[in-house]
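A closer look at the structure
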Amino acid sequence: MKASKVLIFILGVFLLLAAGWILYPAGGINIGTFNLRFASMEESLREAAEEKVDVDAVVNSLEKGFLRGSDTLSFYKDYFASNSARFYLPGDDYTFFDGVFSDWENARRKGITWRIVHYGDSQIEMDRISSDLRESLQERFGGEGTGMFPALGNVPSASIYKSASGGFVHYTMYGDSTTVRAPHRRYGVMAQLSSLSGGGTVSMRASSSRYAKPRTKKFSTISVLLGKNSEGFSAKLVSDTIRPKPTVLDRDTLGARLITWKLPHSVSKATISFKGNAEIYGVMADGRGGVAVDNIPLRGSSGTIFSRIDENVMTRSMSLDHTNLIILQFGGNMMPSVYNSKSISTYATSVRKQIAYFKKVAPRAKILFIGPSDMGKSVGGKIVTWPRLPEMIDSLRSAALDSGAAYWDLYSVMGGENSMVRWAKHSPAYAGPDYIHFTQKGAEIVGGALAKSILVYNDFYRMRKILPEAEVKKYMLQ
């Protein structure tokens, strides 16, 4: 084809587009239940002129914000006041995490494993975000293994392979109509339980997935959290040549109890054999002392179910397994049900109820609420931040702080409004085509930022131990 004909064709296409821009109705054409729209020139020019979130600049700025340089009080004051990855703390109390840090820093010496329970929706499935947090904290404070997992469950993990056989029935508090609900409220700390009748086995093996972190590939302390067991219920562990004696229990009277095996060396696989009846709330693969991070994804949940769990079971469990930090990462699943400010207020009230419940059943633990990420929705043919999401985030932050919990603003960490669409279009993609969920790479960025921010506060805690508190307080409050 001659160049002149190609030019005429291209100009013709532009002419047709211009005609469409000028003649097509601004509100589109309704055909039945469908609305057919055509991009207007004004919208196209306005979109081209809009300042889009530069994801690389956001991530680079995030990383630079963690660099402490000379590690002065000035750095911490600025970080706590304006860094996008900072924690919002009740009353701006920079000592909020002191008790947690004290526990962690003494964990190796005392041989205690302190648990961080990370609850969330499908955003944290496959151990995403939790795994990066776990690896960073275990590197500093000690610990190994993947933490707690259900004896029987249908959600896989990238960090550990597990299987179960025998007389197990799985019950969950969350999920669609196909999931089985228990006839009672004794669900345990994972909001699920595996009811065992007669006997069965649970096997675990370190994952070979490329996403599995190094410290999840071995464990030296294995525990079972259980309740309502029959008389003479027994559990036996086998791993390589290690065969500890079976543990035999009398009938349960406390609501929850813990069976623990401390192995002479780290292993990468093990099998537990059970005989009798019991409710298994969770199995734990940990180290000898340090930090454990339990990844507990509740697909489809908005995080408003916890207060329905039996308080006696939860209180006893949180005490037995040494939980001292509870992370609640919710809000995104609620957005499709948000139509006005009243629905946001109702949800925030329910979040306050959940925080109050955890403060009651785990009085030693601190609570951190992670708000929803940016979420994209098609509005008028364009992917934009979900309507009312910023209002939801403001409401959740207030609910957390008013309830005595800390808040981490994932929306701001990402870059704020309309950032999710840019994360999805980034190369490599940091978010999926649904403009809601992170890819593995995006989850690593988020999990890394969360961990690094916690370590900033820990470094400040360490600095304060060698400086006069009056001097620190005077500088930070001036």
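Everything in this summary refers to the structure shown in the same document. Bear in mind the structure is a predicted one, so any value in this text is a computation, not a measurement.

On the basis of which strands lie adjacent, the open sheet formed by 6 strands has the order S3-S19-S16-S15-S4-S14 and mixed pairing. Since the sheet does not close on itself, it has two edges, and those belong to strand S3 (87-88) and strand S14 (290-297), each with one partner. In the packing of helix H5 (residues 98-105) onto the sheet, the strands contacted are strand S4 (113-120), S14, strand S15 (323-329) and strand S16 (366-370), and the crossing angle to S15 comes to about 125 degrees. Packed onto the sheet, helix H7 (residues 130-141) meets S4, S14 and S15 and runs at close to 175 degrees relative to S14.

The next subject is the nonpolar core. With 60 residues, the main nonpolar core has Phe-87, Trp-104, Leu-137, Leu-368, Trp-408 and Trp-423 as its most contacted residues. Of the residues forming this core, the biggest block, 13 residues, is contributed by helix H13 (residues 440-464). The contact partners of Phe-87, leaving out residues within four places of it in the chain, are Phe-97, Leu-368, Tyr-407, Trp-408, Leu-450, Ser-453, Ile-454 and Tyr-457.

A few words on unusual backbone geometry. Residue Pro-428 follows Ser-427 across a cis peptide bond; omega there is 0 degrees. Inspection of the secondary structure assignment puts Pro-428 in the loop between helix H12 (419-425) and H13. Phi is positive for Asp-127, close to 70 degrees, though the residue is something other than glycine. Structurally, Asp-127 can be placed in the loop between S4 and H7.

Turning our attention to the pattern of salt bridges. Per the stated rule, a full pass over the model turns up 21 salt bridges. In this structure, Arg-397 engages Asp-409 in a salt bridge whose closest nitrogen and oxygen atoms are separated by 3.8 Å. Highlighted residues: Arg-397 in helix H10 (residues 389-402) and Asp-409 in the loop between strand S19 (406-408) and helix H11 (410-414), separated in sequence by 12 residues. Overlapping salt bridges bring together Arg-68, Arg-140 and Asp-459 as one network.

Turning to the side chain of Thr-221, a few remarks are in order. Tracing the backbone shows Thr-221 in strand S8 (residues 219-227). A polar contact is formed between the side chain of Thr-221 and the backbone oxygen of Gly-287, at a distance of 2.9 Å. Ignoring anything within four residues of it in the chain, the contact list for Thr-221 reads Thr-260, Trp-261, Lys-262, Met-284, Ala-285, Asp-286, Gly-287 and Arg-288.

Turning our eyes to something else, we now look at the side chain of Ser-403. In this fold, Ser-403 is placed in the loop between H10 and S19. Among residues more than four places away in sequence, those in contact with Ser-403 are Arg-352, Ile-355 and Lys-359.

Here is what the cut-offs are and how they apply
Residues numbered from 1 in each chain as written. Predicted model: local features only at pLDDT ≥ 70, side-chain atom pairs only at ≥ 80, totals over all residues. Heavy atoms only, no water. Pairing = 2+ DSSP bridges. Helix = DSSP H or I, 4+ residues; strand = E, 2+ residues; numbered from the N terminus. Contact = heavy atoms within 4.5 Å. Axes fitted to C-alpha atoms, helices over the stretch in contact; angles between N-to-C directions. Core = buried A, V, L, I, M, F, W, Y, C linked by side-chain atoms within 4.5 Å. Buried < 20%, exposed > 50% of the residue type's maximum accessible area, 1.4 Å probe, protein only. Salt bridge = Lys/Arg side-chain N within 4 Å of Asp/Glu carboxyl O. Polar contact = N/O pair within 3.5 Å; in protein donor to acceptor, adjacent residues only side chain to side chain.

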